[in-house]
Amino acid sequence: MSEKLVQRGISRYFRTLGPRTQVALCQLPLTLIVLALAIATPLAWPTLLNSPLYIFSMVLHGLLFAACFIIPWERLNNSAYLVIPVLDLLAIGLSRNGAGPLVPGLVILAIFPIIWLSASGMLARTSIVLSILGPLFILLPTVAGKFPNLTASDLTSLLLFPLMMLAVSLAIRFASVNMRMQQRQLQEKDRELRDLLDASTERERLLKTILDATDVGIVAVNSKGGHLLTNNRQKSLEQNAINPGVRAAQEEDQLIFAQDKVTPLAAEKRPIQRAIQGELFADYLVWIGNGSNQRAVSTAARPMVSDDGQFMGAVIVYNDVTGLVEALAANEELISNVSHEFRSPLNSILGNVDLVLEDVQGTSPLSAQRLEVVLRNSERLLALVSDLMASASSALKVHPKRTDLASLVETSIGSAQPQAEQSRISLVADIQSPLWAYADPLRIGQALDNLVSNAIKYSPGGGVVNISAQGSDDWVRLQVQDSGMGMSPEDSARVFRRFFRTETAREAAIPGAGLGLSITKAIIEGHGGDISCTSNPGKGSTFTLTLPAEGPSLY
Ligand code: ADP
């Protein structure tokens, strides 16, 4: 591994050098040996100083080394520098033959230019041919000089050495081809990786732009709650949630309040904490910040799960709904004020009409009849105003205690009986007495009256209204079932909204304001219970309410 690193370091360094230095470095080993030879010649082989061929070869070696520096290789064809190793073969041939039998081993120097030619990766065929012909021509004159007295050893070295050089050349060529292929593969992979990286950077930029362009705050957290991503909108919301002067705060240090705007939300009820417990939720309203900067935020969370089902974190979305919440509050305040203002004059009308009706002598039968109509309509108006006031008060007050629901159902049936008889409806109750629940008798009585009177009202063709109950240790479930006009599944999902009325009810001109069920729902939820509706158009509806069987005070 470290060897590869060293090799890579060397080749990287080599590539930083200029072409002239590169060529000179390739020539350097041969030049150094020739230089050593030249220095040794006057001492070891002084007779060689008289050989013009040998002297010329030394000069040629020197000129070739100088040419490496002088010739502007960068301006020439990129294989031009290979002329140097080719001329090296010539220079070696001259020194070998100039030195004659005095220095017979000089032919071995041919290995330097042959390695250079083969490793260059260029002029493939020429370098292979030169690797065999070069040594052959270097050896040939000496062998030819001995002709015809050639020994077996002369012939062997004439053939064997060029063949050896050919083998060296081929081996280097194969090795360098292999290396080049690997290099090309590496470069290919490198390019693919860079393309992938570019694509992923691009995608990340796109995602960030989209996230920052949205009007909702978005946070992605890992399974420990550490932030992976926060968009700009969320950053400004979080800025609102921390005390001035504090730079960044964890969720538990932030100013997050419950729906009453003042109670700090317990750590485990905060959106991120709930999300990292793996909860999936929506429309979870919290208040962030305090004072005039306080914002109402509707939050939602979705867990991130890996392919093998492991919990990896969650994405939490924060939607600033302050405007909507304020508009709703203003709406409720308006309804509440208007209803309040209506109540006093209506009570006065009712009281005075009552007084006039009591004076039997002073009123003609016709006037009495007309006043009865005034009285009935004023009573209806007063009931409507009470409903409006009840629905406008966001937190309906309930005072639950241990209550027998069976007797409440009985009372409710009793008071609905005349209305049922008029509409040819039989009221059936299937409830064991007593049926204890933890409930406010007044409010639950009001809710039951609402459900039973609706069941009668929306069964214009007569029929049966069935009230049944089931109880467990923890819960009591009451069902009010009718065989009336019913409604579509979409309508039954919206039936608890304030002022909602079905198209069929309006077309049939059945009187109503769409408030009764929203009040009923608020009453049941005030008890910690739950109400739902299932219905079939033309077949009837079933309203199911669940209440706690026992209250905390009984434990
Ligand atoms: P109201 O009866 O005064 O209109 P409610 O809130 O009690 O107001 O009911 C809302 C709407 O739900 C009604 O207008 C009616 O369209 C529908 N609804 C309620 N109860 C029933 C029922 N038992 N069968 C069919 N439709 C019903």
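What you see is a predicted model, and the numbers here were worked out from it, not measured in a lab.

**Student:** Looking at this structure, I do not really get the environment of leucine 545. What am I missing?
**Tutor:** Mapping leucine 545 onto the fold places it in strand E13 (residues 540-548). Put simply, leucine 545 and glutamine 432 are 113 residues apart on the chain and 17 Å apart in space, counted from C-alpha to C-alpha. Once residues within four sequence positions are removed from consideration, leucine 545 is found in contact with Leu451, Val476, Arg477, Leu478, Ile524, Asp530 and Ile531.

**Student:** For this particular structure, what's the right way to read the sheet that holds strand E8 (residues 425-430)?
**Tutor:** Each strand in a sheet pairs with another by means of backbone hydrogen bonds, the pair being arranged parallel or else antiparallel. Pairing is mixed across the open sheet formed by five strands, whose spatial order is E8-E10-E11-E13-E12. The strands lining the two open edges of the sheet, one partner per strand, are E8 and strand E12 (530-536). Across the sheet, the mean angle separating the axes of adjacent strands is 15 degrees when strand polarity is ignored. Across seven bridges, the pairing between E12 and E13 is antiparallel. Bridge pairing in E13 links serine 532 to threonine 544. Packing against the sheet, helix H13 (residues 441-457) makes contact with E8, strand E10 (463-471), strand E11 (475-482), E12 and E13, and its axis sits at approximately 25 degrees to E11.

**Student:** Sorry if this is basic, but what is going on with the site of the ligand here?
**Tutor:** Taken together, 20 residues are adjacent to the ligand, and Asn454, Tyr458, Arg501, Thr502 and Leu517 come closest. Here lysine 457 contributes a side-chain N or O atom positioned 3.2 Å from an oxygen atom of the ligand. The separation between an oxygen atom of the ligand and a polar side-chain atom of tyrosine 458 is 2.7 Å. With the chains in place, 97% of the 520 Å² that the ligand exposes on its own is no longer accessible.

**Student:** What is the right way to look at the domain arrangement of the protein in this model?
**Tutor:** Accessible area lost during the coming together of the parts is what is often quoted as the interface size. Splitting the protein by domain gives domain 1 (2-190), domain 2 (217-320), domain 3 (330-392) and domain 4 (401-554). For domain 3 and domain 4, the distance between their C-alpha centres works out to 27 Å. Summing both sides of the interface, domain 3 and domain 4 together bury roughly 620 Å²; the carbon and sulfur share of this comes to 65%. Put simply, domain 3 and domain 4 have one salt bridge between them. For glutamate 332, the salt bridge identified is with arginine 498, shortest N-O distance 2.8 Å. Between the two partners, domain 3 and domain 4, sit one residue pair in polar contact (both at pLDDT 80 or more).

**Student:** I would appreciate a short explanation of the packing of helix H3 (residues 52-70) against helix H4 (residues 83-99) in the present structure.
**Tutor:** A pair of packed helices can be characterised by two numbers: the angle between their axes and the separation between those axes. Axis separation between H3 and H4 bottoms out at 7 Å; the angle between their running directions is 160 degrees. Classified by the angle between their axes, H3 and H4 sit roughly antiparallel to one another. H4 is crossed by H3, and the crossing has left-handed handedness. Taking contact as the criterion, the partners of Leu53, Tyr54, Phe56, Ser57, Met58, Leu60, His61, Leu64, Ala67 and Cys68 in H3 are, on H4, Ile84, Leu87, Asp88, Leu90, Ala91, Ile92, Leu94, Ser95, Asn97, Gly98 and Ala99. Each residue belonging to the contact of H3 with H4 can be placed in one class, and the counts come to 15 nonpolar, five polar and one charged.

**Student:** What is the right way to look at the sheet that holds strand E1 (residues 217-222) in this model?
**Tutor:** Here six strands make up an open sheet; going across it, the order is E2-E1-E6-E5-E4-E3 and the pairing antiparallel. Each edge of the sheet is formed by a strand with only one pairing partner; in this case those strands are strand E2 (227-230) and strand E3 (256-257).

**Student:** Looking at this structure, how should I read unusual backbone geometry?
**Tutor:** Keep in mind that most residues, glycine aside, have a negative phi and that most peptide bonds are trans. Proline 434 follows serine 433 through a cis peptide bond whose omega is -5 degrees. Phi at arginine 424 takes a positive value of approximately 55 degrees, unusual for a residue other than glycine. One can find arginine 424 in the loop between helix H12 (405-422) and E8. You can call arginine 424 exposed: its relative accessible area is 58%.

**Student:** Please explain the pattern of salt bridges as it appears in this structure.
**Tutor:** If charged atoms from side chains of opposite charge come close, those side chains can pair. By the definition in use, this model includes 13 salt bridges. A salt bridge links aspartate 154 to lysine 146, with the nearest nitrogen and oxygen atoms 2.9 Å apart. Take aspartate 154: its relative accessible area is 11%, and that puts it in the buried class. Its salt-bridge partner being glutamate 202, residue arginine 205 comes within 3.3 Å of it at the nearest N-O pair. Of the two residues, arginine 205 and glutamate 202 are both situated in helix H7 (residues 152-213); the distance of three residues between them amounts to about one turn of the helix. Where salt bridges share partners, they join Asp215, Arg233, Arg295 and Asp320 into one cluster.

**Student:** Explanation requested: the environment of valine 360 in the structure shown.
**Tutor:** Within the secondary structure, valine 360 sits in the loop between helix H10 (322-358) and helix H11 (365-392). Remark: the alpha-carbon pair of valine 360 and glycine 461, spanning 101 residues in sequence, is separated by 39 Å.

Reading guide: rules and limits
In this convention, every chain numbers its residues from 1, walking through the sequence in written order. pLDDT decides what is reported in this predicted model: residues at 70 or higher carry local features, side-chain atom pairs at 80 or more are listed and counted, and totals for whole chains, interfaces and linings draw on all residues regardless. The side-chain values count all of the structure's non-hydrogen atoms but skip hydrogen atoms and water molecules. Secondary structure elements are defined from DSSP: runs of H or I of at least 4 residues count as helices, runs of E of at least 2 residues count as strands, and each element is numbered from the N terminus. The contact rule is simple, with two residues in contact once any of their heavy atoms fall within 4.5 Å. Pairs of strands are assigned from DSSP output, requiring at least two bridges between the strands. Throughout, an axis means a line fitted to C-alpha atoms (over the contacting stretch in the case of helices), and angles, computed between N-to-C directions, take values from 0 to 180 degrees. Note on definitions. A residue lies near a molecule or strand when any single heavy atom of the residue is within 4 Å of it. Each polar contact in these results corresponds to two N or O atoms within 3.5 Å; when the atoms are within protein, one needs to be able to donate a hydrogen and the other to accept it, and residues that are neighboring in sequence are counted only if both atoms are side-chain atoms. All accessible-area figures derive from a Shrake-Rupley calculation using a 1.4 Å probe, and residue coverage is judged against the displayed protein chains alone. Source of the domain bounds: an automatic or database domain assignment. Buried area is calculated as the accessible area (1.4 Å probe) missing from two parts once they are joined, with the contributions of both summed. Note on definitions: salt bridges are taken to be side-chain nitrogens of Lys or Arg within 4 Å of carboxyl oxygens of Asp or Glu. For classification purposes, angles smaller than 35 degrees are called roughly parallel, those larger than 145 roughly antiparallel, those between 65 and 115 roughly perpendicular, and all remaining angles oblique. Each crossing gets its handedness from the near helix: less than a right angle anticlockwise from the far helix is left-handed, clockwise is right-handed. Amino acids outside the nonpolar list (Ala, Val, Leu, Ile, Met, Phe, Trp, Tyr, Cys, Pro) and the charged list (Asp, Glu, Lys, Arg) are all regarded as polar, and Gly is one of them. Whether a residue is buried, partly exposed or exposed follows from its accessible area with a 1.4 Å probe, protein chains only, as a fraction of its type maximum: under 20%, in between, or over 50%, in that order.

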